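Listed below, chain by chain, are the residues.
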Amino acid sequence: MALKAIIFDVDGTLAETEEAHRMAFNEEFATWGLPWQWDRDLYKELLAITGGRERIRHYAENYDAPKAREVLGDQLEKITELHKAKSQRYMRMIAEGNVPLRPGVARLIEEAKTAGLKVGVATTTSTPNVEVLIQATLGKPASEVFDAMACGEEVSAKKPAPDLYTLALEKLGVPHDEAVAVEDSRNGLMSALRAGVPVIITPSSYTADEDLTDALSVISHLGEPDQPYEHIAGFGFASGMITPALLDRWIEGWGGRPLMKEPPRLHS
Ligand code: XBP
Ligand code: MG
C-alpha cells in the first residue's frame, strides 16, 4: 500500500461536537455574568477563528469590548480561566455519551488498523477533550485507538497553519505523501494541504457551505454498509463507503501532484 496513515480531525469530523462546544461557551458566559449568547449563525461566523480561547478573545475584542474589560480585566487576563472552565463543562457534556461518532468513523479506524495503517489525530482542541470523546464513544482510552495525537496545546499556530499536521506526521513517522487527512472544514483543509497532506472532507453541520476546493474528495460522511455516503465533489463514486483500499487507490491516482490550485486564502 502507498498509503501508510490516516489522520483525523476531531471537532466536526469524528463527531458533531460543535453544538456541545457552543452550549458550553454559552453556559460558562452566563456563569461569569457575561451577557453573551452565541446563536448558531454567530457561532458559524466565529468558527473562522480556531481554538476556543482565541475565539473568546476575538469576540471580546471585536464584539463587546466594554463588557469584556469589566468582567475579564483590562488585558482580558481572565480569558484563559474562562476557557478552562468552558472545557471542563464541555467534557462533562461529552462524558454523558450523547454525542455519537459520525457514520463510518469507528469502522474506518478499525479497518485501517487491520490493514496495518497508522491512525492519528490533528486537532485544534486540547488532548483531554479528545480523550473524553473517545472514551465516551468507543469505551477505551484514546491512546489505545490512535498511534499519535497532535492537539491544540502543543503548537503555537493552530489551523489553518500547517503545524498540527506537521506534528502529527512527525509523531507517526510517516511522510506527508503517504498519509490522508479526514477533515470537515476549510481551516482544516488548508492546514493539511499546507503540510502537504491530501484531504478527504466530510462536511459537518457548520461547514457544508464552505469553499472546499482542492480537497481530494468531498463526501457526506465516511459511509457504513447500510448507510452509503453521498458524493459531493472530487474523487468518489456516487455513493459508497470509504475504505483503506479505496484511499490507497486515490493516493496513487493523485500521484503527488501539487495539492493547491491556488495559494491558500485565509479566513482572517
Ligand atoms: C475546532 C475548533 C475548536 C472547538 C473548540 O477546529 O476550532 O476550537 O471549536 O475547542 P478543528 P476548544 O476541528 O479544525 O480542529 O475550546 O477546546 O479550542
Ligand atoms: Mg473540524
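Residues numbered from 1 in each chain as written. Chains lettered and ligands numbered in written order. Predicted model: local features only at pLDDT ≥ 70, side-chain atom pairs only at ≥ 80, totals over all residues. Heavy atoms only, no water.

Caption draft 1: Structural context of the sheet that holds strand β8 (residues 239-240). Read across the sheet, eight strands follow the order β3-β2-β1-β4-β5-β6-β7-β8 without closing on themselves; strand pairing throughout is mixed. Here the strands that pair on one side only, and so sit at the sheet edges, are β3 (148-150) and β8. Bridging between strand β2 (residues 118-122) and β3 involves three bridges; their strand directions are parallel. Pairing of Gly120 across the sheet is with Ala148, part of β3. Of the strands in this sheet, β1 (5-8) and β2 are in contact with helix α6 (residues 105-114), which crosses β1 at around 155 degrees. Where helix α11 (residues 244-254) meets the sheet, it contacts β1, β4 (179-183), β5 (199-201) and β6 (217-219), and its direction lies at approximately 110 degrees from that of β4. (Pairing = 2+ DSSP bridges. Helix = DSSP H or I, 4+ residues; strand = E, 2+ residues; numbered from the N terminus. Contact = heavy atoms within 4.5 Å. Axes fitted to C-alpha atoms, helices over the stretch in contact; angles between N-to-C directions.)

Caption draft 2: Quick peek at helix α9 (residues 163-172). Restricting attention to buried positions, one finds in α9 the residues Leu164, Tyr165, Leu167, Ala168, Leu169 and Leu172. Lining the buried residues of α9 we find β1, β2, β3, β4 and α10 (186-194). The positive-phi residue at the C-terminal boundary of α9 is Gly173, with phi of around 70 degrees. (Buried < 20%, exposed > 50% of the residue type's maximum accessible area, 1.4 Å probe, protein only.)

Caption draft 3: Structural view of the domain arrangement of the chain. Domains assigned within the chain are domain 1 (5-16 + 100-254) and domain 2 (18-95). Distance from the C-alpha centre of domain 1 to the C-alpha centre of domain 2: 26 Å. The interface of domain 1 with domain 2 comprises 15 residues on the first partner and 17 residues on the second. Interface of domain 1 and domain 2: buried area, both sides summed, is about 1500 Å²; carbon and sulfur atoms make up 53% of it. By the criterion of area lost to domain 2, the three top residues of domain 1 are Asn129, Val132 and Tyr206, representing 44% of everything that side buries. Our count for the domain 1 to domain 2 interface comes out at two salt bridges. Here Asp209 makes a salt bridge to Lys44, at a shortest N to O gap of 2.7 Å. Its residues assigned to classes, the side of domain 1 that touches domain 2 shows five nonpolar, five polar and five charged. (Domains from an automatic or database assignment. Buried area = accessible area lost by both parts, 1.4 Å probe. Salt bridge = Lys/Arg side-chain N within 4 Å of Asp/Glu carboxyl O. Nonpolar A, V, L, I, M, F, W, Y, C, P; charged D, E, K, R; others polar.)

Caption draft 4: Looking closely at the pairing of β2. With four of five residues buried, β2 lies mostly within the body of the structure. Direction of pairing for β1 relative to β2: parallel, over a ladder of four bridges. The residue of β2 that forms the bridge with Ile6 is Val119.

Caption draft 5: Structural view of the environment of Asp9. Within the fold, Asp9 resides in the loop between β1 and α1 (18-31). What makes Asp9 buried here is its relative accessible area of 5%. Remark: the alpha-carbon pair of Asp9 and Phe235, spanning 226 residues in sequence, is separated by 20 Å. If we ignore the near neighbours within four places in the chain, the residues touching Asp9 are Leu14, Ala122, Thr123, Lys159, Tyr165, Val182, Glu183 and Asp184. Within polar-contact distance, the side chain of Asp9 engages the side chain of Lys159 at 2.9 Å. (Polar contact = N/O pair within 3.5 Å; in protein donor to acceptor, adjacent residues only side chain to side chain.)

Caption draft 6: How the structure looks around the site of ligand 1. Residues in contact with ligand 1 amount to 17 residues; listed here are only the nearest, Gly52, Arg55, His83, Lys86 and Thr125. Tyr43 has a polar side-chain atom sitting 3.4 Å from an oxygen atom of ligand 1. In this structure, an oxygen atom belonging to ligand 1 sits 2.6 Å away from a main-chain N or O atom of Gly52. Starting from 450 Å² of accessible surface for ligand 1 in isolation, the protein chains cover 97%. For the shell around ligand 1, a count of residues per class yields two nonpolar, nine polar and six charged. A domain split of the shell around ligand 1 shows at least three residues from each of domain 1 (5-16 + 100-254) and domain 2 (18-95). (Near = heavy atom within 4 Å. Areas by Shrake-Rupley, 256 points an atom, 1.4 Å probe, with all protein chains shown as cover.)

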